[in-house]
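# Residue-level structural notes
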Amino acid sequence: MATTFRPLHDRVVVRRVDSEEKTKGGIIIPDTAKEKPQEGEIVSVGPGARDDSGKVVPLDVKAGDRVLFGKWSGTEVKLNGEDLLIMKESDIMGVIG
């Protein structure tokens, strides 16, 4: 049975996008030399953070958005056999597209 996961507050779940396995010059990069990509797709988002008055402020990103995030951002988790990242919206640098 698949586990469902709903992020809380201003957290998002991100699936990393696979990086290219070749350089522009055609050199194949072995797995051990590859850096983890800093690009991903939003899988799910929390409802938003509360402001000082207690009002929920919705997030600027939504499921399906392609985003860039910091190299050390997020916490790696495995959900339903898939490697994902959970991070705060503030760790996302921007939306691609």
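I will try to describe carefully the structure that is included in this document. (Residues numbered from 1 in each chain as written. Predicted model: local features only at pLDDT ≥ 70, side-chain atom pairs only at ≥ 80, totals over all residues. Heavy atoms only, no water.)

### Some thoughts on a nonpolar patch on the surface
Put simply, the rule reads: What makes a patch is a set of residues exposed beyond 30% relative accessible area and free of salt bridges, joined within 9 Å when like-charged and within 5 Å when nonpolar (Val, Leu, Ile, Met, Phe, Trp, Tyr). Using the Shrake-Rupley algorithm and a 1.4 Å probe, accessible areas are obtained, with residue cover drawn only from the displayed protein chains. Put simply, a salt bridge is a Lys or Arg side-chain nitrogen that is within 4 Å of an Asp or Glu carboxyl oxygen. The way it works is that DSSP assigns letters per residue, a run of H or I at least four long becomes a helix, a run of E at least two long becomes a strand, and they are numbered from the N terminus. Note on exposure labels: buried denotes an accessible area under 20% of the residue type's maximum, exposed denotes more than 50%, and partly exposed covers the range between, all computed with a 1.4 Å probe on protein chains only.
Among the surface-exposed residues, Leu68, Met93 and Ile96 lie close enough to one another that they form a single nonpolar patch of about 280 Å² accessible area. Examined against the element boundaries, Met93 turns out to sit in strand S8 (residues 92-96). The exposure class assigned to Met93 is exposed, which follows from its relative accessible area of 59%.

### Considerations on the pattern of salt bridges
This model, assessed by the stated rule, comprises 7 salt bridges. Residue Arg15 pairs with Glu82 through a salt bridge whose shortest N-O separation is 2.4 Å. Highlighted residues: Arg15 in strand S1 (residues 11-16) and Glu82 in strand S7 (residues 82-88), separated in sequence by 67 residues. Taking the shortest distance from any N to any O, the salt bridge between Arg66 and Glu39 comes out at 2.7 Å. With Arg66 in strand S5 (residues 66-69) and Glu39 in strand S2 (residues 39-45), the pair connects residues that are 27 residues apart, well separated along the chain. Accessibility expressed as a relative area gives 34% for Arg66, which makes it partly exposed. Linked by salt bridges that have partners in common, Arg15, Glu41 and Glu82 make up one network.

### Topic: the nonpolar core
We count it as follows: Only buried residues count toward a nonpolar core, which is a set of Ala, Val, Leu, Ile, Met, Phe, Trp, Tyr and Cys residues joined through side-chain atoms within 4.5 Å.
Grouped together as the largest cluster of nonpolar side chains are 10 residues: Val12, Val14, Ile42, Leu59, Val61, Val67, Phe69, Leu85, Met87 and Ile92. Mapped onto this core, the elements with two or more residues apiece are S1, S5 and S7.

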